[in-house]
Amino acid sequence: MDSEDFIPLGAEPVFTRPKFENRQPNKTGEITPWLTDADRELMLALPVGIRLHQEIVKFVKYIEATPEENAMREQVVQDVTDAVVSLWPAAVVHVFGSVRCGLALPGSDVDIMVEGRWSATPLHTLKRALEQRNLVKNVEVIATAKVPILKFVHAATQVPVDISFNVLDGPQDALQIQKYMATYPCLRPLVLVLKKFLSERELNEVFSGGIGSYALFLSALNFLQTHPALCPEPNLGVLLMEYFEHYGLIFNFGYLIISVTDGGKYIADRYFADYNERVTLRIQNPRNPSIEIGNNSYRFDEVVRAYGKGLQALSSAFYVQDSKELSILSRIIHETSQTYEYRQWVKKTFASKVTPAPAAAAAPSSSAAAAAAPIQTSSAKRAKHGESSGSGAASPSPARALAATAEALKAAVEKLASPAAGTGAA
């Protein structure tokens, strides 16, 4: 293990997204901690295709947020909420993005939108309030962006945070994403594997030319919508390879625009390739068809090549006779010692902050309904002021809302792990 990757459990981690490379196992002896020694006999007895499906299910269970990680993020949201409400008692704090939708990887930032009435976006006012409370470090106000944001790292948890004001698109998109995941249960596992795959190759951020989370989600959704033979309980390994094949080898990015409207479709643009030399991702914004998502991914040609190599790596596992290779997924992704140590630090530090989920959240009547419930966070201070968000009902606390979502998502993963799941061709 490289010495610079080690983070003592008693110290605050400095988390950076891992890069995919050939590595030695971490100190636990694992580069695939989603598999245990107990899995060996069972997994090796399965055909390669079923083994890959089951491994993806186990990977999703491993990579999704733990109770300690949820508690950590809930603390971040509550600290921000307290600061916001102390300044503007009638303001409402919304959580959206990957954390809201259950698509976060370890180290993912928390996206927050503050809704209220101001004559000008109060980025600097909130910045000063957070600094006075000693809650933040590495604070940056990006006022000239298309969507002005306040960026910082939450000091107590090391969680990166982005805050915007009165931009309702994010929370609205989060609700729509959850509805799509309820329609396609295989969508979330597919996206989580793809996010991990791209993050290890540093191709998961738009600012560095990669593909952003929302664009990745829409591409995966369109892939499932237009799949010619998607069965009710698809094989996740087959779907992953077909996704790589579709976007890595077959899809014509020079002439086609991806759209998830009307059940999924492609829009032809015969003239785009005539004046565009690079491979460009073009996805129609579901809420505003005149806007395209993905144009800023200037390294998308590298993404396409990575998809092709991913397909090649997974396909080769099917040609190895009597393979005793426990992990097939490790051909394209694996855990780094740094990420492993970071999650261990979180588990140790925030174990005392984990509270049992309320009975209603622990046993939701419908996983889709629980996942679709909006998160609008508020603090006790708003209750003291006798104010509400205007909905007529009290807003759920961050802990209860995120717990309900987490329980619903876990139930969906358990269903994918059932013996019948994964036997379908696609």
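Owing to the predicted nature of the structure, the values given are computational and were not obtained by experimental measurement.

Rules and cut-offs
Residues numbered from 1 in each chain as written. Predicted model: local features only at pLDDT ≥ 70, side-chain atom pairs only at ≥ 80, totals over all residues. Heavy atoms only, no water. Core = buried A, V, L, I, M, F, W, Y, C linked by side-chain atoms within 4.5 Å. Buried < 20%, exposed > 50% of the residue type's maximum accessible area, 1.4 Å probe, protein only. Helix = DSSP H or I, 4+ residues; strand = E, 2+ residues; numbered from the N terminus. Pairing = 2+ DSSP bridges. Expected span 1.5 Å × (residues − 1). 1 Å grid on protein atoms, 1.4 Å probe; cavity = no way out; pocket = protein on both sides within 12 Å on 5 of 7 lines; lining within 4 Å. Points joined across faces, edges and corners; volume = space filled by probe spheres on them. Nonpolar A, V, L, I, M, F, W, Y, C, P; charged D, E, K, R; others polar. Axes fitted to C-alpha atoms, helices over the stretch in contact; angles between N-to-C directions. Parallel < 35°, antiparallel > 145°, perpendicular 65-115°, else oblique. Contact = heavy atoms within 4.5 Å. Left-handed = near helix turned anticlockwise from the far one by under 90°. Phe/Tyr/Trp six-rings, centres within 6.5 Å; stacked < 30°, edge-to-face > 60°.

**A short note on the nonpolar core**
Right, on to step 1. Membership of the largest hydrophobic core comes to 69 residues, with the highest contact counts inside it found for Leu-187, Phe-217, Leu-240, Phe-244, Tyr-307 and Leu-329.
Right, on to step 2. Secondary-structure elements contributing two or more residues to this core are helix 2 (48–63), helix 6 (169–183), helix 7 (187–199), helix 8 (213–225), helix 9 (236–250) and helix 10 (300–315).
Right, on to step 3. Membership of the second largest hydrophobic core comes to 30 residues, among which are Trp-88, Val-95, Leu-130 and Val-159.

**A word on the pairing of strand 7 (residues 265–268)**
Remember that side chains alternate between the two faces of the sheet whenever the strand is regular.
Right, on to step 1. Of the strand pairs in this sheet, strand 6 (residues 256–259) and strand 7 are connected by four bridges, and their pairing is antiparallel. Bridging from a neighbouring strand, Ile-258 pairs with Tyr-266 of strand 7.
Right, on to step 2. Here strand 6 folds back onto strand 7 in antiparallel fashion, the turn holding five residues, of which Asp-262 has a positive phi close to 55°.

**Some words on helix 3 (residues 67–87)**
Right, on to step 1. If you check helix 3, its first and last C-alpha atoms are 30 Å apart, about what 21 residues at 1.5 Å a residue would give, namely 30 Å.
Right, on to step 2. By the criterion of burial, helix 3 is predominantly enclosed, with 16 of the 21 residues buried.

**Here we look at empty space enclosed by the protein**
Right, on to step 1. Going through the model one piece at a time under the given rule, you end up with three cavities of 30 Å³ or more.
Right, on to step 2. One number sums up the size of the second largest cavity: a volume of about 40 Å³.
Right, on to step 3. Glu-69, Met-72, Arg-73, Pro-106, Gly-107, Ser-108, Val-159 and Tyr-342 are the residues that line the second largest cavity.
Right, on to step 4. A per-element tally of the lining of the second largest cavity places helix 3 first, with three residues.
Right, on to step 5. Looking at the lining of the second largest cavity, its residues break down into four nonpolar, two polar and two charged.

**Things to note about the environment of Trp-88**
Right, on to step 1. Along the polypeptide, Trp-88 turns up in the loop between helix 3 and strand 1 (92–96).
Right, on to step 2. The exposure class of Trp-88 is buried, given its relative accessible area of 16%.
Right, on to step 3. With 28 residues separating them along the chain, Trp-88 and Gly-116 place their C-alpha atoms 8.0 Å apart.

**A closer look at the packing of helix 2 against helix 7**
Right, on to step 1. At a minimum axis distance of 10 Å, the contact between helix 2 and helix 7 shows a crossing angle of 75°. As judged from the angle between their axes, helix 2 and helix 7 are roughly perpendicular. Taking contact as the criterion, the partners of Ile-56, Phe-59, Val-60 and Ile-63 in helix 2 are, on helix 7, Arg-188, Pro-189, Leu-192, Val-193 and Lys-196.
Right, on to step 2. A per-class count over the contact of helix 2 with helix 7 returns seven nonpolar, no polar and two charged.

**Concerning the packing of helix 7 against helix 10**
What describes two packed helices is the angle between their axes and the distance between those same axes.
Right, on to step 1. Contact pair helix 7 / helix 10: the axes reach a minimum separation of 11 Å and the direction vectors enclose 110°. By the angle between their axes, helix 7 is roughly perpendicular relative to helix 10. The two elements helix 7 and helix 10 meet at a crossing, and its hand is right-handed. Contacts between helix 7 and helix 10 involve Leu-194, Phe-197 and Leu-198 from the former and Val-303, Ala-306, Tyr-307 and Gly-310 from the latter.
Right, on to step 2. Here the residues of the contact of helix 7 with helix 10 are counted per class, giving six nonpolar, one polar and no charged.

**Focus: helix 10**
Right, on to step 1. With 16 residues, helix 10 ought to run about 22 Å at 1.5 Å a step, and its terminal C-alpha atoms sit 23 Å apart, in line with that.
Right, on to step 2. Against helix 7, helix 8 and helix 9 lie the buried residues of helix 10.

**Structural notes on the side chain of Ser-98**
Right, on to step 1. Relative to the helices and strands, Ser-98 is located in helix 4 (residues 97–101).
Right, on to step 2. Other than its neighbours up to four places away in sequence, Ser-98 contacts Leu-103, Ala-104, Ser-108, Asp-109, Asp-111 and Lys-195.

**Focus: the packing of aromatic side chains**
Right, on to step 1. By the definition in use, this model includes 19 aromatic pairs.
Right, on to step 2. Seen from their ring centres, Phe-223 and Tyr-243 are 5.7 Å apart, and the 85° between their planes marks the pair as edge-to-face. Note that Phe-223 is positioned in helix 8 and Tyr-243 in helix 9, a separation of 20 residues in sequence. Here Phe-223 and Tyr-243 have matching classes, each one buried.
Right, on to step 3. Following the ring pairs from residue to residue traces out a cluster consisting of Phe-197, Phe-223, Tyr-243, Phe-244, Tyr-247, Phe-251, Phe-253, Tyr-266, Phe-300 and Tyr-307.

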